[in-house]
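Descriptive structure summary
Here's the letter readout for the chains.
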Amino acid sequence: MSQAETRRLPARTPSPLWTFGLLRSELSVTFRRWRTLALLGVLAAVPVLVGIAVKIETSDGSSFGGGGQGGGGAGGGGPAFISQISNNGLFLVFTALAATLPFFLPMAVGVVAGDAIAGESSAGTLRYLLVAPAGRTRLLLTKYATVIAFCLAATLVVAVSALAVGALLFPVGDLITISGTRITYAEGLGRALLIALVVAASLVGVAALGLFVSTLTGSGIAAMATTVGLVITVQILDQIPQLDALQPYFFSHYWLSFADLMREPVYWDDLTRNLGLQALYAAVFGSAAWARFTTKDITA
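Quantities reported herein were computed from a predicted structural model and do not represent experimental measurements.

1. Concerning the packing of helix α3 (residues 34-57) against helix α6 (residues 104-123)
Two numbers describe a pair of packed helices, the interaxial angle and the distance between the axes. Remark: α3 packs on α6, axes separated minimally by 10 Å, with the N-to-C direction vectors making an angle of 170 degrees. One way to sum up the angle between α3 and α6 is to call them roughly antiparallel. Of the residues in α6, those in contact with R35, L39, V42, L43 and V46 of α3 are F104, L105, M107, A108, V111, V112 and D115. Of the residues belonging to the contact of α3 with α6, the class tally is ten nonpolar, no polar and two charged.

Printed below as a string of structure tokens:
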């Protein structure tokens, strides 16, 4: 549908109740797709595989990985957490999030975000959504809200699966932080929830990037592949020492800073840098997606 055709349609202002219905419909469609359920299933399986591997490795009483209490910040967290799983199953939550955040979680988000607009276009349903009293801006915001909801759901699936597997396979109780201080299991659960929320927030930049890519093409597969490819490329660039001056501006650079929430006291510097960087990416690519989507001709 061209902009001229859109202007000839009678103006209709959707009510807030209609907007809520649109969001509910988008959430229902997204989370009922077999592709989405398969992605969530893969994410839920990662903690199971990690837990079983650690259980088998430590069945003779030896420690796993030999890691110490170090790590955290922008680049640590995984080895330090994985070496503690056999002592406390709650550490499986932190390890699973550290294992899925570099690839599995952003890949899943990239698939959902890349398909948000391009998928509707390739299916031939986008123009009909715009004929309804949605408006391009309202529809784009609804799509982005749905992707953000998926970010949260995907992260919680990993965390809940890891929490259940950790409680089944390993002892639970008071735990030792990276700094060496002891906290209660209840406080550890609170920090696990906070870490899950931070991990979900770490994906809003990828969500905005994927949404922008989705407005550039009419092929859902192309948009998904491009988004996932960009995520992988950025993370490869983030590992090249010669690019250290640029790396603090890559959306993935501070992803593992959530490990600092397991310090006492908590180190907030990298955490705030990560959240600020995600907000910047969301603003830049969200604005680019809006500029592109509100000016393009919709023919499908």
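Okay, back to it.
2. What to know about the side chain of S214
Tracing the backbone shows S214 in helix α10 (residues 204-216). For S214, a relative accessible area of 0% puts it in the buried group. A distance of 2.8 Å separates a polar atom in the side chain of S214 from the backbone nitrogen of I117. A distance of 2.7 Å separates a polar atom in the side chain of S214 from the backbone nitrogen of A118. Setting aside residues no more than four positions away along its own chain, S214 makes contact with A113, G114, D115, A116, I117, A118 and A223.

3. Examining α10
Between its terminal C-alpha atoms α10 stretches 19 Å, which fits the 18 Å expected from 13 residues at 1.5 Å a residue. Of all the 13 residues making up α10, eleven are buried; the element is thus mostly covered by neighbouring parts of the structure. For α10, the complete set of buried residues consists of V204, G205, V206, A207, A208, L209, G210, L211, V213, S214 and T215. Contact partners of the buried residues in α10: α6, α8 (136-169), α9 (185-201), α11 (220-237) and α12 (269-293).

4. Details of unusual backbone geometry
A cis amide bond, omega 0 degrees, links E264 with the succeeding residue P265. For P265, the position within the fold is in the loop between α11 and α12.

Rules used throughout
- Residues numbered from 1 in each chain as written.
- Predicted model: local features only at pLDDT ≥ 70, side-chain atom pairs only at ≥ 80, totals over all residues.
- Heavy atoms only, no water.
- Axes fitted to C-alpha atoms, helices over the stretch in contact; angles between N-to-C directions.
- Helix = DSSP H or I, 4+ residues; strand = E, 2+ residues; numbered from the N terminus.
- Parallel < 35°, antiparallel > 145°, perpendicular 65-115°, else oblique.
- Contact = heavy atoms within 4.5 Å.
- Nonpolar A, V, L, I, M, F, W, Y, C, P; charged D, E, K, R; others polar.
- Buried < 20%, exposed > 50% of the residue type's maximum accessible area, 1.4 Å probe, protein only.
- Polar contact = N/O pair within 3.5 Å; in protein donor to acceptor, adjacent residues only side chain to side chain.
- Expected span 1.5 Å × (residues − 1).

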